[in-house]
Amino acid sequence: MKIFQILKSFIFLFLSLNTILKCFFINKKKAQLVILKENSPNLIDLRLKIYQKDNINNFVNFVRAQSFYGGIKIYFSINNVIFFNHIFNILEYLESLSGTRKDKIKQNYIFLLSKILKLIQIKKFYSIDDYRNIQIFSRACKLSESKLFIYQHARISPSLRYQKTLKDLTFEKYYVWSNYFKKKLVQFNYEYSNKNISVFKKFSNIKSYKKNFLHKEILIIQEDSIKNSVIINLIKRIKKIKKTNIYFKFRPNNRIDQNLKRFLIKNNVNCFHQENIYELFKKYKINYLLASNSSLLLESSYFYIIPILFYEKKPILKDYITDRIVFSSKVNDIKNVINKSNKQKKILIKIRQKVWFE
């Protein structure tokens, strides 16, 4: 671990200890996972709004922050901040000096978190099902006897190796987008079928409306797993389709690749970065969405947008193809699939029903 990283983690550890001491005397009862996003209005990942219906200062906020300046900003912006990832960094640094195994360090970290939850008397803990942290907090809450409430924040798929952390969770309640995702969750662990899994309406405040498919308004979603060369090839092939407008959405938390942006501008592709995706759907009357691994492949059908999962060699979300809730296409065959799907609007209606309303 580099010297600056160690010093940074010690500073955040000191600030966290200050919060723990304060919360020992001022009992808050509730805690939540908070993910720092410096480009968000209040520095908090917008996906967390699903359980932040109460004043954030009424919670003990377990913050994951990598940026030093961002961490300092959020510490002085909201109350009761504990930087849990920096607690791990210090524990890992100190215990690695004595040759402690990584798996043992993780066990000790979970035990330490449970003691913190117990010390400040947390009764309820709220979190999205972030695969990087949810298993850690599930175990810590179990040890501290805190009730864990989990909220789905993205697609659930047994095809994704990194989602294996959803296999062995202990929770009071797990909120999912629909019955379809409840079935996907149970595929990780069939014992979940006997547990408290509830459906909450993700789009309760957003209207959907049917589309006119005479003109193709195609939105492509950027993803970390897809090379720019694949995107360029995809766009060149789509441009051969008549009556088509192409839009491209950069990942909101990534820097814009200027070489790719120049290609998009040169080829009359409208590009976006941090704009609200649902507002883009409405404003530009999007009727096709192309992605490889994005949750938007599932969300798009709610808005009567044809979801096309494109891939170069092998698809990532194989189970969604098997379940017939997306159209799929190799990049080289994208023109044929788009033209064919244009005549299969009844299938889109069935997909929408299966994913969101059964």
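Residues numbered from 1 in each chain as written. Predicted model: local features only at pLDDT ≥ 70, side-chain atom pairs only at ≥ 80, totals over all residues. Heavy atoms only, no water.

Caption draft 1: Broad picture of the side chain of Thr165. For Thr165, the location among the structural elements is in the loop between strand E5 (147-151) and strand E6 (173-176). Classification of Thr165 as buried rests on a relative accessible area of 16%. Setting aside chain neighbours within four positions, we find Thr165 in contact with Tyr131, Ile134 and Gln135. (Helix = DSSP H or I, 4+ residues; strand = E, 2+ residues; numbered from the N terminus. Buried < 20%, exposed > 50% of the residue type's maximum accessible area, 1.4 Å probe, protein only. Contact = heavy atoms within 4.5 Å.)

Caption draft 2: The sheet that holds E5, seen in detail. The sheet built from seven strands is open, its strands ordered E3-E2-E1-E4-E5-E6-E7 with parallel pairing. Strands at the two margins of the open sheet, each flanked by one partner only, are strand E3 (81-83) and strand E7 (197-199). Each strand axis lies, on average, 25° off the axis of its neighbour in the sheet, ignoring direction. Two strands pair when backbone bridges link them, and strand E4 (residues 124-128) and E5 are joined in this way by five bridges, in the parallel orientation. Residue pairing in the sheet places Phe125 in a bridge with Leu148 of E5. Where helix H2 (residues 68-75) meets the sheet, it contacts strand E1 (30-35), strand E2 (60-64) and E3, and its direction lies at approximately 155° from that of E3. (Pairing = 2+ DSSP bridges. Axes fitted to C-alpha atoms, helices over the stretch in contact; angles between N-to-C directions.)

Caption draft 3: A look at helix H7 (residues 228-238). Among all positions in H7, only Val230, Ile231, Leu234, Ile235 and Ile238 are buried. Across the axial projection of H7, the buried residues extend over an arc of 130°, all falling on one side. Residues of H7 that are buried in the fold lie against strand E8 (216-221), strand E9 (244-249), helix H8 (258-266), strand E11 (288-291), strand E12 (306-311) and helix H12 (334-341). (Arc of directions from axis to C-beta.)

Caption draft 4: Fine view of a positive patch on the surface. Judged by side-chain charge, Lys106, Arg139, Arg161, Lys164 and Lys167 come together as a positively charged surface patch. Among the residues examined, Lys164 registers a relative accessible area of 57% and is labelled exposed. (Patch = residues over 30% accessible without salt bridge, like charges linked within 9 Å, V, L, I, M, F, W, Y side chains within 5 Å. Areas by Shrake-Rupley, 256 points an atom, 1.4 Å probe, with all protein chains shown as cover. Salt bridge = Lys/Arg side-chain N within 4 Å of Asp/Glu carboxyl O. Lys, Arg positive; Asp, Glu negative; His and termini not counted. Charge placed at Lys NZ, Arg CZ, Asp CG, Glu CD.)

Caption draft 5: The arrangement of the sheet that holds strand E10 (residues 270-272) in detail. Spatial strand order, E10-E9-E8-E11-E12-E13: six strands in an open sheet with parallel pairing. Of all the strands in the sheet, just E10 and strand E13 (327-330) have a single pairing partner and so form its edges. Neighbouring strand axes in the sheet, compared pairwise and without regard to direction, differ in orientation by 25° on average. Strand direction decides the pairing type here: E11 and E12, joined by four bridges, are parallel. Residue Tyr288 lies in a different strand from E12, and its bridge partner there is Ile306.

Caption draft 6: Inspection of the environment of Trp177 at higher detail. Its location among the elements puts Trp177 in the loop between E6 and helix H6 (179-188). Residue Trp177 is classed as buried on the basis of its relative accessible area, which comes to 3%. For Trp177 and Arg155, which are 22 residues apart along the polypeptide, the C-alpha to C-alpha distance reads 9.2 Å. Those residues in contact with Trp177 that lie beyond four places of it in its chain are Gln152, His153, Ala154, Arg155, Val199, Phe200, Lys202, Ser295, Glu299 and Trp356.

Caption draft 7: Structural view of the side chain of Gln135. Inspection of the secondary structure puts Gln135 in helix H5 (residues 134-144). Note on Gln135: relative accessible area 13%, which makes it buried. Setting aside residues up to four positions removed in sequence, Gln135 forms contacts with Lys106, Thr165, Asp168 and Leu169.

Caption draft 8: Expanded view of the nonpolar core. Judged by nonpolar contacts, the single largest core of 121 residues is most densely connected at Phe62, Tyr174, Ile220, Ile238 and Leu290. Other than its neighbours up to four places away in sequence, Ile238 contacts Ile218, Ile220, Thr244, Ile246, Leu290, Ile334 and Ile338. (Core = buried A, V, L, I, M, F, W, Y, C linked by side-chain atoms within 4.5 Å.)

Caption draft 9: The arrangement of unusual backbone geometry in detail. Located in the positive-phi region is Asn80, a residue other than glycine, with phi close to 60°. Note on placement: Asn80 falls in the loop between H2 and E3. Accessibility expressed as a relative area gives 5% for Asn80, which makes it buried. Of note in the backbone geometry, Glu145 takes a positive phi value of approximately 65° without being a glycine. Topologically, Glu145 is positioned in the loop between H5 and E5. Residue class for Glu145 comes out exposed when judged on its relative accessible area of 62%.

Taken by themselves, the reported measurements are silent on function.
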